[in-house]
Amino acid sequence: MKRIVILVSGRGSNMQAIVQRCAEQGWPARVAAVVANRPDAAGLTFAAAQGIHTAVVEHKAFATREAFDAELARVIDGFAPDLVVLAGFMRILGAGFVRHYEGRLLNIHPSLLPAFPGLHTHRRALQAGCQAVGATVHFVTPELDHGPIVMQSVVPVRPGDDEEALAARVLATEHVIYPQAVRWFVQDKLRLDEGRVTQVDGASQVLI
Ligand code: GAR
C-alpha cells in the first residue's frame, strides 16, 4: 500500500477527486493525510469527514520560507509518504524542499505548460488568443510550475468564453487527469528518463 500525502490551500476539489477515485477504484494506495497552509482551507473539512488525518502548517507563523518548508517537511514526513501531491497548494516551495521529495512530488497547474506558469492562466490565455487551453500534471522541480509532464488535458476555447467559463471546463478535466496520473504513480506505471515521462503500458497521456 502506497501512502499519499496531499497538500491544499483552499477548496480542495482535486484532492476530493483523488480521494474518491482511490476508494472507488481500489488503488494499491491510501491518502494518509491532507495538509494545508491555511486553517480555513475548505478541503480540510472534507478530508476530516472521510476520516483522513489532517494537519495545518501556517506559513504566516514562520519568518522565512526555509523555516516554513522545514516544518512542512517534518509534518509530511511524519506520515511517511511514498508520494506528495500538490493540489491547489498556493505557496512556492524552496529548492531544498523540492529536492527532498524529488521523483515523488506531483503538481497540477491549470495551463498547457510550459505556457502560462503562475497566476491568472485563463485570463492570460484569452488575452493571447489561444484556441485551446488545458491543465498539466507534472513532477515538481525547483522552477515554479515546471517539470517533467505526466499528463495534459486539452480544452478548446469557444467563442464568448470568459475566464470563469474556461476555468470551470478546465477544472472538470483536472478531476480526470490528476487521479489518473496519481493512479499510474501508485501502480508504478510511470517511467522518468532524462526529464521525460512515459506511461509503461503506452496509455495516452493526453485527454482531449
Ligand atoms: C486548480 O485549478 C489547480 O490547477 C490550481 O489551483 C486550483 C485548485 O483548485 N493550481 C495552481 O494554480 C498551481 N499553480 P482545488 O483546490 O479545487 O483543487
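How each quantity is defined
- Residues numbered from 1 in each chain as written.
- Predicted model: local features only at pLDDT ≥ 70, side-chain atom pairs only at ≥ 80, totals over all residues.
- Heavy atoms only, no water.
- Helix = DSSP H or I, 4+ residues; strand = E, 2+ residues; numbered from the N terminus.
- Expected span 1.5 Å × (residues − 1).
- Buried < 20%, exposed > 50% of the residue type's maximum accessible area, 1.4 Å probe, protein only.
- Contact = heavy atoms within 4.5 Å.
- Salt bridge = Lys/Arg side-chain N within 4 Å of Asp/Glu carboxyl O.
- Pairing = 2+ DSSP bridges.

Asks: How should helix α1 (residues 13-25) be read in this particular structure?
Replies: The first and last C-alpha atoms of α1 sit 18 Å apart over 13 residues, in line with the 18 Å expected at 1.5 Å per residue. When we look at burial in α1, the residues that qualify are S13, N14, M15, A17, I18, V19 and C22. Where α1 is buried, its residues touch β1 (2-8), β2 (29-36), α2 (43-49), β4 (83-86), β5 (105-109) and α6 (163-186). In the segment just after α1, G26 is the residue with positive phi, at about 60°.

Asks: What am I meant to see in the pattern of salt bridges here?
Replies: A side chain of one charge can pair with a side chain of the opposite charge if their charged atoms are brought near each other. A complete count under the given rule lists 6 salt bridges for this structure. As a salt-bridge pair, R169 and D161 come within 2.8 Å of each other at their nearest N and O atoms. For D161, a relative accessible area of 16% gives the class buried. D201 is the salt-bridge partner of K189, the closest N and O atoms lying 2.8 Å from each other. With K189 in the loop between α6 and β8 (190-193) and D201 in the loop between β9 (196-199) and β10 (206-207), this residue pair connects regions lying 12 residues apart in the sequence. On the basis of relative accessibility, which here comes to 52%, the residue D201 falls in the exposed class.

Asks: I would appreciate a short explanation of the pairing of β9 in the present structure.
Replies: The side chains of a regular strand alternate, residue by residue, between the two faces of the sheet. The side-chain alternation of β9 yields one buried face, formed by V197 and Q199, and one unburied face, formed by R196 and T198. Two strands pair when backbone bridges link them, and β8 and β9 are joined in this way by 4 bridges, in the antiparallel orientation. Across the sheet, L190 pairs through a bridge with Q199, a residue of β9. From the end of β8 to the start of β9, which pair antiparallel, there are 2 residues, and E194 there has a positive phi angle of about 45°.

These values are about where atoms sit, not about what they do.
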